[in-house]
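# Examination of the molecular architecture
Below are the chains, spelled out letter by letter.
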Amino acid sequence: MGTFQSLDEAREFFTGDRFATNNGAYIDELDDEHCVCSLEIKDDHRNAYGGVMGGVIFTLSDFAFAVLSNHLHKPTVAQQTSVNFLSAPKGTRLIAKATCRKNGRSLMIVNVDVSDDTGRDVVQFVATGFKL
């Protein structure tokens, strides 16, 4: 059983993650197997070329990692992350699906796949979490 007893409890806790939540990151699903977070793309998320800023996509990925990893073991922080930008999003919403690949004694590996609402693969994100 995870740290949070309900989705609402997790949402309440992560209101403290102000950078992500102020930029629109939202927790859609959470259980002991996965987490889904999303973000509606706004004009403020765009770069000078009109595309979605990489930092916005990274932030959503990191947020999904944080929600799942801290559900599985609180507190957990990112020790190392890797991000591969696959395609520019074409839709109006980003969806980040986090799954835990390894949950060890002091480390965990979490994969986060980000797509847009058209089904386009946008980012592959891998994080090593350190359990405090």
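Summarised in this report is the structure supplied together with it. Everything numeric here is computed off the predicted structure, so don't read it as measured data.

Basis of the calculations
Residues numbered from 1 in each chain as written. Predicted model: local features only at pLDDT ≥ 70, side-chain atom pairs only at ≥ 80, totals over all residues. Heavy atoms only, no water. Patch = residues over 30% accessible without salt bridge, like charges linked within 9 Å, V, L, I, M, F, W, Y side chains within 5 Å. Areas by Shrake-Rupley, 256 points an atom, 1.4 Å probe, with all protein chains shown as cover. Salt bridge = Lys/Arg side-chain N within 4 Å of Asp/Glu carboxyl O. Helix = DSSP H or I, 4+ residues; strand = E, 2+ residues; numbered from the N terminus. Buried < 20%, exposed > 50% of the residue type's maximum accessible area, 1.4 Å probe, protein only. Pairing = 2+ DSSP bridges. Axes fitted to C-alpha atoms, helices over the stretch in contact; angles between N-to-C directions. Contact = heavy atoms within 4.5 Å. Phe/Tyr/Trp six-rings, centres within 6.5 Å; stacked < 30°, edge-to-face > 60°.

## What about a nonpolar patch on the surface?
A cluster of nonpolar side chains, contributed by Val 77, Leu 107, Phe 130 and Leu 132, occupies part of the molecular surface with about 330 Å² of accessible area. One can find Val 77 in strand β3 (residues 76–85). Using a relative accessible area of 37% as the deciding quantity, one classes Val 77 as partly exposed.

## So, the sheet that holds β3
With antiparallel pairing, the 6 strands of this open sheet are ordered in space as β1-β2-β4-β5-β6-β3. Two strands bound the open sheet, and with one partner strand each, they are β1 (26–30) and β3. Neighbour to neighbour, the strand axes of the sheet diverge by 20 degrees on average, direction disregarded. Judged from the 9 bridges that link them, strand β5 (residues 107–116) and strand β6 (residues 121–131) form a sheet pairing that is antiparallel. Pairing of Asn 111 across the sheet is with Val 126, part of β6. Across the sheet, helix α3 (residues 54–72) lies against β1, β2 (34–40), β3, β4 (93–103), β5 and β6, angled at about 40 degrees from β4, the strand it touches most.

## Looking at the pairing of β5
Note: β4 against β5, 9 bridges, orientation antiparallel. Residue Lys 97 lies in a different strand from β5, and its bridge partner there is Asp 113. The turn joining β4 and β5, which pair antiparallel and follow one another in sequence, is formed by 3 residues. Taking the residues that link successive antiparallel strands as the turn, the β5-β6 hairpin has 4 residues, and the phi of Gly 119 there is positive, at about 95 degrees.

## Thoughts on the packing of aromatic side chains
One pass over the structure, following the stated rule, counts 5 aromatic pairs. Ring-pair connections join several aromatic residues into one group, and the members of that group are Phe 4, Phe 13, Phe 14 and Phe 63.

## Concerning the side chain of His 71
Here His 71 is to be found in helix α3. Discounting residues that sit within four places of it in the chain, His 71 has contacts with Gly 2, Thr 3, Phe 4, Leu 30, Asp 31 and Asp 32.

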